[in-house]
Amino acid sequence: MMAVLKMQNYTMRIAISILIIVSLSLFSNKAMAQRNDKPFTQLDYDYGKPFHFGFSLGFNFMDFTIKNNGIPQEIVTGQPLTPIWADASGMVPGFNVNIITDYRLNQYFSVRCLPGLSFGQRDLKYYEPSGKLLTTMNLESSFIEVPILIKYKAKRSGDIRPYLIAGINPRFDVAAYKKLNNKEGIYVRLNSSDVYYEFGAGLDFYLTYFKFSIEMKYSAGISNVLSPDLVEGGESYVKALDKIQSQLFVIAFHFE
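Residues numbered from 1 in each chain as written. Predicted model: local features only at pLDDT ≥ 70, side-chain atom pairs only at ≥ 80, totals over all residues. Heavy atoms only, no water.

Draft legend 1. Structural view of the overall build of the protein. Scanning the protein for helices and strands turns up four helices and 11 strands. Within the protein, the proportion of its 256 residues that are buried is 45%. Long-range contacts, defined here as pairs at least 24 residues apart, represent 73% of the contacts in the protein between residues at least 6 apart. (Helix = DSSP H or I, 4+ residues; strand = E, 2+ residues; numbered from the N terminus. Buried < 20%, exposed > 50% of the residue type's maximum accessible area, 1.4 Å probe, protein only. Contact = heavy atoms within 4.5 Å.)

Next comes the structure, spelled out in structure tokens:
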């Protein structure tokens, strides 16, 4: 049980490693080898109007980075204090939809703003020191987000162009103030707002009538999103935690 839970803590670290590997692969000459005499499609994206618009659909996998304080808590009245601890279980797929506004700075750089919505869920599990599961809380999130990113585009090879992105993403969770409910076993509430830093990589495909992109992105919150709000009977579950930080892994499909 302990080994499995430790592996879950490394899920997002593995995701970061995947992004790094993908980035290196995108810039590999062997992976991008094409005929040099092939005419380019959709040159307007690189040399025409500076503004381009589109939309994005994707999947997200939300997760937590949790810091337990290890202070013993009273779970059952009259029973000895127990140092319970929490962990986030396996990631549950969510959904993203965004509007794309892209401003080209030069041949290789552009600024992108992608306001939109993202929906997902994280399962917060509490355990006894022995590893016995005490309870599971399903914490849903509905984010209003405004990513502002810098996009670096590598040299175009035919109708395919790899790129890297990095920036910030302010998010507001409209589901954060969902009513605490001790009957349903929901004892923890999240703060509604946070700022995330993001980075990722992708591929632009220049098609006949539009540009299609596949992108993978890692997003991590800067602040502690654990709310101090308490509900009767659930105080120990909040007090057992020191910090919760939010993170997401996003796979998106852009149409411009």
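There's more to say after this.
Draft legend 2. Up close: the pairing of strand 1 (residues 51-68). With 11 bridges connecting them, strand 1 and strand 3 (residues 92-104) associate as antiparallel partners. Bridge pairing in strand 3 links Ser56 to Asn98. By the bridge criterion, 14 bridges tie strand 1 to strand 11 (residues 241-255) in an arrangement that is antiparallel. By the bridge assignment for strand 11, Lys67 is matched with Lys243. (Pairing = 2+ DSSP bridges.)

Draft legend 3. Examining the nonpolar core more closely. Counting 21 residues, the largest nonpolar core has Leu124, Tyr126, Met137, Leu139 and Val188 as its most contacted members. With residues up to four places along the chain from it excluded, the contact list for Val188 reads Leu124, Tyr126, Met137, Leu139, Leu180, Leu226 and Val238. Grouped together as the second largest cluster of nonpolar side chains are six residues, Met62, Tyr196, Val250 and Ala252 included. (Core = buried A, V, L, I, M, F, W, Y, C linked by side-chain atoms within 4.5 Å.)

Draft legend 4. Representation of a nonpolar patch on the surface. Side chains of Phe55, Leu57, Phe59, Phe95, Val97, Leu117, Phe119, Ile144, Phe172 and Val174 sit close together on the surface and give an oily, nonpolar patch of about 840 Å² of accessible area. When contributions to the nonpolar patch are tallied by element, the ones reaching two or more residues are strand 1, strand 3 and strand 5 (116-127). Sorting elements by how many residues they give to the nonpolar patch places strand 1 first, with three residues. (Patch = residues over 30% accessible without salt bridge, like charges linked within 9 Å, V, L, I, M, F, W, Y side chains within 5 Å. Areas by Shrake-Rupley, 256 points an atom, 1.4 Å probe, with all protein chains shown as cover. Salt bridge = Lys/Arg side-chain N within 4 Å of Asp/Glu carboxyl O.)

Draft legend 5. Inspection of the pattern of salt bridges at higher detail. For the coordinates displayed, the defined rule picks out 10 salt bridges. We note a salt bridge from Arg156 to Asp159, for which the minimum N-O separation is 2.9 Å. According to the relative accessible area criterion, Arg156 is buried, its value standing at 9%. Notably, a salt bridge pairs Lys217 with Glu198, separated by 3.2 Å at the nearest N-O pair. With Lys217 in strand 10 (residues 211-221) and Glu198 in strand 9 (residues 193-206), this residue pair connects regions lying 19 residues apart in the sequence. Across the pair, Glu198 and Lys217 agree in class, each one buried. A cluster of three or more residues bridged by salt bridges with shared partners is formed by Glu145, Arg171, Glu198 and Lys217.

Draft legend 6. Geometry of the environment of Gly200. If you trace the backbone, Gly200 turns up in strand 9. Spatially, the C-alpha atoms of Gly200 and Lys217 are 4.1 Å apart, while their sequence positions differ by 17 residues.

Draft legend 7. Highlighting the packing of aromatic side chains. Counting across every chain of the model gives 14 aromatic pairs. For the ring pair Phe51 and Tyr103, a centre distance of 4.8 Å and an interplane angle of 45° mean the geometry is tilted. One end of the pair, Phe51, is in strand 1; the other, Tyr103, is in strand 3, with 52 residues separating them in the sequence. The class of Tyr103 is partly exposed, set by a relative accessible area of 34%. Connected via pairs of aromatic rings, a cluster forms that spans Phe55, Phe205, Phe210, Phe212, Phe253 and Phe255. A cation over an aromatic ring shows up here: Arg156 above the ring of Tyr206, its NZ or CZ 3.6 Å from the ring centre. Above the plane of the ring of Tyr196 lies Arg171, whose end atom (NZ or CZ) is 4.5 Å from the centre. (Phe/Tyr/Trp six-rings, centres within 6.5 Å; stacked < 30°, edge-to-face > 60°. Lys NZ or Arg CZ within 6 Å of the ring centre and 35° of its normal.)

Draft legend 8. The arrangement of the environment of Phe172 in detail. Counting through the fold element by element, Phe172 comes out in strand 8 (residues 160-173). Separated by 28 residues in the primary sequence, Phe172 and Ile144 have C-alpha atoms spaced 5.2 Å apart. Ignoring any residue separated from it by four or fewer positions in sequence, one finds Phe172 in contact with Ser142, Phe143, Ile144, Ser192 and Ser193.

Draft legend 9. Up close: the side chain of Asp204. Residue position: Asp204 is located in strand 9. Looking at Asp204, its side chain comes within polar contact range of the side chain of Lys151, at 2.9 Å. Within the structure, the side chain of Asp204 is placed 2.4 Å from the side chain of Ser213, a separation counted as a polar contact. Not counting residues up to four positions away in its chain, the partners in contact with Asp204 are Lys151, Asp159, Ile160, Arg161, Tyr163, Lys211, Phe212 and Ser213. (Polar contact = N/O pair within 3.5 Å; in protein donor to acceptor, adjacent residues only side chain to side chain.)

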